[in-house]
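Chain and residue survey
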Amino acid sequence: MTEAVPSYLSPTGQEIVFLLLGAVAVGSALLVVTTRQLVHAALWLVVCFGALAGCYLVLTAEFVAWVQVLIYVGAIVVLLLFGIMLTRAPIGRSADLDSGNRVVAAVVALATAAILVTVVIDGFRTAYTPLDPGGGAAKELGASIFATWVLPFEALSVLLLAALIGAIVLSRTDIPGGSPPAGPAPPAGPVTGGADPPARGDPAPPDRPSDQTSGGQ
């Protein structure tokens, strides 16, 4: 914070790489929410997470970058793909995915982005932190999480546990309130020894070959 603020007209190599990775992350995030194919959205999400991991590497936060790759790219996206396959969701273009609220969603997204950019620029306009190696190591992050941010960390754990329990309840069929199992349809009438008489208006069943043979004899 004590060093002079560098000029924006002469960016360094790290700043150029960071801007390029940020542009890739923003573009892939837009493709995630605009594509109509679920598998393509998951693949663009991989690109977005990879660009974010690259941004963390540029900011000398190696531990956060590898956690981003291992957890989000290696676990969350794979979980999404398995969820698409197991639920047999349509993976092609579908008109049902278009809710018709694109204009409202675009206005809300642009307004939110404008507010966030304004707040960040106003709060950190004159702030400059040199990129010292080791700032994103596991020791410093662990001390910060379990000392300063321990309450939000535990609240997020409880939230994820509640989401996991809800997913299990929705997927089970033997729990009351779950979706009934698909099976053969029950018989329409009571089961008796003889054949049920045909309903009124239904055509009479054809004679059996044995009856025709006995009648001709």
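In what follows, the accompanying structure is described. (Residues numbered from 1 in each chain as written. Predicted model: local features only at pLDDT ≥ 70, side-chain atom pairs only at ≥ 80, totals over all residues. Heavy atoms only, no water.)

Focus on helix H3 (residues 62–86)
Quick reminder of the rule: Under the DSSP-based scheme used, a helix requires at least four consecutive residues in state H or I and a strand at least two consecutive residues in state E, with every element numbered from the N terminus. Expected span of a helix: the number of residues minus one, times 1.5 Å. The bend reported for a residue corresponds to the angle between axes fitted to the seven residues ending at that residue and the seven starting there. We call a residue buried when its accessible area falls under 20% of the maximum for its residue type, exposed when it is over 50%, and partly exposed in between, using a 1.4 Å probe and counting protein chains only. Residue contacts are defined here by distance: any two heavy atoms, one from each residue, within 4.5 Å place the two residues in contact.
Over its 25 residues, H3 extends 34 Å from the first C-alpha to the last, a length consistent with the 36 Å expected when each residue adds 1.5 Å. Along H3, the helix axis deviates most sharply at Tyr72, where the bend reaches about 25°. Among the residues of H3, Ala65, Gln68, Val77 and Ile84 are the ones counted as buried. Buried residues belonging to H3 abut helix H2 (38–58).

Considerations on the packing of aromatic side chains
Selection rule: Working definition: a ring pair exists when centres of Phe, Tyr or Trp rings (six-membered ring for Trp) sit within 6.5 Å. Plane angles under 30 degrees give stacked, over 60 give edge-to-face, the rest tilted.
The final tally for this structure, using the stated rule, is 2 aromatic pairs. Look at Phe49 and Tyr72: their rings are 5.2 Å apart centre to centre, the planes differ by 55°, and that puts the pair in the tilted class. You can see Phe49 sitting in helix H2 and its partner Tyr72 sitting in helix H3, a full 23 residues away along the chain. Relative to Phe153, the ring of Phe146 has its centre 5.5 Å away and its plane inclined at 70°; by these criteria the two rings are edge-to-face. Taking the relative accessible area as the measure of exposure, Phe153 reaches 34% and is therefore partly exposed.

Describing a nonpolar patch on the surface
Which entries qualify depends on this criterion: A patch consists of residues exposed above 30% relative accessible area that lack any salt bridge, with like charges linked at up to 9 Å and nonpolar side chains (Val, Leu, Ile, Met, Phe, Trp, Tyr) linked at up to 5 Å. Using the Shrake-Rupley algorithm and a 1.4 Å probe, accessible areas are obtained, with residue cover drawn only from the displayed protein chains. Here a salt bridge means any side-chain nitrogen of Lys or Arg lying within 4 Å of a carboxyl oxygen belonging to Asp or Glu.
On the surface, Leu57, Trp66, Leu70, Ile71, Tyr72, Ile76 and Leu80 cluster together to form a nonpolar patch covering roughly 690 Å² of accessible area. With 6 residues, the top contributor of residues to the nonpolar patch is H3. With respect to the secondary-structure elements, Leu70 resides in helix H3. By relative accessible area, which is 61% here, Leu70 ends up exposed.

Focus: the side chain of Ser28
We apply this condition: Contacts described as polar in this section are N or O atom pairs within 3.5 Å, which, within protein, must combine one atom able to donate a hydrogen with one able to accept it, while residues neighboring in sequence count only if both atoms come from side chains.
Tracing the backbone shows Ser28 in helix H1 (residues 13–34). Among the polar contacts listed, one links the side chain of Ser28 to the backbone oxygen of Ala25, at a separation of 3.0 Å. In contact with Ser28, other than residues within four places in its own chain, are Trp44, Val47 and Cys48.

Focus: the layout of surface pockets
We apply this condition: Here a cavity denotes a set of grid points, spaced 1 Å apart and computed over the protein atoms alone, in which a 1.4 Å probe fits but from which it cannot get out, and a pocket denotes an open set meeting protein on both sides within 12 Å along at least five of seven lines; residues with an atom within 4 Å of a point are reported as lining. Grid points are joined across faces, edges and corners, and a volume is the space filled by probe spheres set on the points.
Here the second largest pocket defines a volume of roughly 1000 Å³. Around the second largest pocket sit 26 residues that line it, and Ile71, Tyr72, Ile76, Leu156 and Leu160 are the ones nearest its centre. The set of elements that each furnish at least two residues to the lining of the second largest pocket consists of H3, helix H5 (138–145) and helix H6 (150–171). Sort the elements by how many residues they give to the lining of the second largest pocket and H3 lands first, with 11 residues.

Everything listed here is a matter of geometry and, on its own, says nothing about what the molecule does.
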